[in-house]
Amino acid sequence: MKKDPQRKNRMELSAYKLILGLVKKFATGKNLSILDAGCGTGGLMARLNKIGKTIGVDVSDDGLRLARKRGVVVVKASVDRFVHNARRYTKDELERKMVRAGLSTKFVSYVHAPIFLMSLARVLFEKIARSKKHSTIGKVGLGLNRLATWILNKEADLILSGVRLPFGQALVGVAVKE
């Protein structure tokens, strides 16, 4: 039996801190429905299930198998194909799509700005190498993991204080049905 590779990936905990903090701050209510797009091994979903009904989507068979062991509801699909998109959204595009879906946008920000350039270099390298890798689950050195976790926790604190970052590796958004 394989162990959960995210168990030792403490960088994930900074993302959990940020997302749980945003959901608790902006999406209060008793009947929350939460989509975790790119759910990986379901670690965040296990926490989100305590505050709402959550469904996860991911492409990684290993991640989905581990998520199911956590008892969370997951569906296999490429997130990009699931949302009929093969590119990344800008902040403004995501906000417009939320509004068109009948949702009230409460908060949208770029995230992981400190590691954006490293991530960009990795993506470019994988495109040049024509990598078919679909999952980022893997080992990260302990020293780098601790440093990145500390940096991303500071970023999470900044975002939770209301700061919206002008660039980053990804977007995080909270929208509610009014």
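Residues numbered from 1 in each chain as written. Predicted model: local features only at pLDDT ≥ 70, side-chain atom pairs only at ≥ 80, totals over all residues. Heavy atoms only, no water.

Asker: Would you take a moment to explain a positive patch on the surface for this structure?
Answerer: Among the surface-exposed residues, R10, K24, R47 and K50 lie close enough to one another that they form a single positively charged patch. Among the structural elements, R10 can be located in the segment before α1 (11-26). (Patch = residues over 30% accessible without salt bridge, like charges linked within 9 Å, V, L, I, M, F, W, Y side chains within 5 Å. Areas by Shrake-Rupley, 256 points an atom, 1.4 Å probe, with all protein chains shown as cover. Salt bridge = Lys/Arg side-chain N within 4 Å of Asp/Glu carboxyl O. Lys, Arg positive; Asp, Glu negative; His and termini not counted. Charge placed at Lys NZ, Arg CZ, Asp CG, Glu CD. Helix = DSSP H or I, 4+ residues; strand = E, 2+ residues; numbered from the N terminus.)

Asker: Would you explain the environment of L160 in this entry?
Answerer: Within the secondary structure layout, L160 lies in helix α7 (residues 142-160). Taking the C-alpha atoms as reference points, L160 and L18, 142 residues apart in sequence, are found 6.9 Å from one another. With residues up to four places along the chain from it excluded, the contact list for L160 reads K17, L18, G21, L22 and K25. (Contact = heavy atoms within 4.5 Å.)

Asker: Would you explain the sheet that holds strand β2 (residues 53-58) in this entry?
Answerer: Paired through backbone hydrogen bonds, the strands of a sheet run either parallel or antiparallel to each other. If you trace the 3 strands from one edge of the open sheet to the other, you get β1-β2-β3, paired in parallel fashion. Each of the sheet's edge strands pairs with one partner strand only, and the pair in question is β1 (33-37) and β3 (73-76). If you compare each strand with its neighbour and ignore which way they point, the axes differ by 20° on average. (Pairing = 2+ DSSP bridges. Axes fitted to C-alpha atoms, helices over the stretch in contact; angles between N-to-C directions.)

Asker: Is there a simple way to explain a nonpolar patch on the surface in this structure?
Answerer: On the surface, a cluster of nonpolar side chains totalling about 310 Å² of accessible area is made up of L35, I55, V73 and V75. With respect to the helices and strands, I55 occurs in strand β2. Judged by relative accessible area, I55 falls into the partly exposed class, the value being 36%. (Buried < 20%, exposed > 50% of the residue type's maximum accessible area, 1.4 Å probe, protein only.)

Asker: It is not clear to me how unusual backbone geometry should be interpreted in this structure. Could you clarify?
Answerer: With the exception of glycine, most residues fall at negative phi, and the peptide bonds are largely trans. Of note, H112 is a non-glycine position whose phi angle comes to about 60°, a positive value. With respect to the helices, strands and loops of the structure, H112 is situated in the loop between β4 (103-111) and α6 (116-128).

Asker: What's the story with the confidence of the model for the protein in this structure? I'm lost.
Answerer: Caution applies to low-pLDDT parts of the model: their predicted coordinates are not meant to be read in detail. With 84% of its residues at a pLDDT of at least 70, the protein reaches an overall mean of 81. Segment residues 1-6: pLDDT under 50, and 13 contacts once partners within four positions in sequence are set aside and those in other chains are kept. (pLDDT = per-residue confidence, 0-100.)

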